[in-house]
Amino acid sequence: EIVDASGCLVLPGAIDVHTHIFGAVAADTRSALLGGTTAMLAFVDAEPGERPVEAARRTIADELPTAYADVALHTVIWEPQSYRRGDMRDVHALGVGSVKLWLAYIELGIQADDDVAFAVMQEAAELGMVVLAHCENGRVVDVLTRELVAAGELGLGSLPRSRPIALEAECVHRFLVMADMAGA
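All values reported here derive from a predicted model rather than from experimental measurement.

**Student:** Explain the packing of aromatic side chains to me, please; I cannot follow it from the model alone.
**Tutor:** Any two aromatic rings considered together are summarised by their centre-to-centre distance and by the angle between their planes. One pass over the structure, following the stated rule, counts two aromatic pairs. Here Trp-78 and Trp-102 contribute two aromatic rings whose centre-to-centre distance is 5.8 Å and whose plane-to-plane angle is 35°, an arrangement assigned as tilted. Placement of Trp-78 in the loop between β3 (70–76) and α3 (87–92) and of Trp-102 in strand β4 (residues 98–102) is noted, with a sequence separation of 24 residues between them. By relative accessible area, Trp-78 is classed as partly exposed at 23%. Judged by its relative accessible area of 12%, Trp-102 is buried.

**Student:** Just checking my understanding: could you explain the pattern of salt bridges for this structure?
**Tutor:** Working definition: two side chains of opposite charge can pair if their charged atoms are close together. Summed over all chains, the structure comprises ten salt bridges. Across the pair Arg-51 and Asp-87 runs a salt bridge whose closest N-O atoms are separated by 2.6 Å. Pair noted here: Arg-51 is in the loop between β2 (37–43) and α2 (52–62) and Asp-87 is in helix α3, with a separation of 36 residues, a long-range link. What makes Asp-87 buried here is its relative accessible area of 4%.

**Student:** I tried to follow the pairing of β2 on my own but got confused; where do I start?
**Tutor:** Looking along a regular strand, one sees the side chains alternate between the two faces of the sheet. With respect to burial, β2 is a largely interior element, five of its seven residues being buried. Here strand β1 (residues 14–19) runs beside β2; their pairing, made up of four bridges, is parallel. Bridging from a neighbouring strand, Ala-14 pairs with Thr-37 of β2. Taken together, β1, helix α1 (residues 25–34) and β2 constitute a β-α-β crossover, and its handedness is right-handed. Note that β2 and β3 share five bridges and pair parallel.

Rules and cut-offs
Residues numbered from 1 in each chain as written. Predicted model: local features only at pLDDT ≥ 70, side-chain atom pairs only at ≥ 80, totals over all residues. Heavy atoms only, no water. Phe/Tyr/Trp six-rings, centres within 6.5 Å; stacked < 30°, edge-to-face > 60°. Helix = DSSP H or I, 4+ residues; strand = E, 2+ residues; numbered from the N terminus. Buried < 20%, exposed > 50% of the residue type's maximum accessible area, 1.4 Å probe, protein only. Salt bridge = Lys/Arg side-chain N within 4 Å of Asp/Glu carboxyl O. Pairing = 2+ DSSP bridges. Right-handed = clockwise from strand over helix to strand, strands pointing away.

Spelled out as structure tokens, the structure:
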């Protein structure tokens, strides 16, 4: 069949590298296909206490079979205090090629301090994995947020004051310096 695409922009399938589809894989991947996205990378959610490799295995077994599009995985260090050397090796052996770190949200227990972030980067670099990060200086954001809450400043206008762009820039710089030192 020949389709006249005159005046149209024709693209092969799009790739979405930042998705949160788990829990609704079939519906989300069907919706993505309707919009022209044929492949995606999705962040693996973990249960409390679940190792990254256990979360990836569960996701591959329980959720990916219902996908209508191609889905690859980003592992996530959800419990940085539990990270141990070998976690990246284990997920990499399953075909996972990237890992996400949170450098903020200390109040949620997901913030990786520099020692953990650096250790993850070192192991990931040895394996050729990509390291992603949510970059904000989480400790200073936490102090600013607590100060605003104590002052009763709880409105939407207080959000940019609790998370100034300079704290993101500082964290991006720090992340890149650590990545360079880790060989990432």
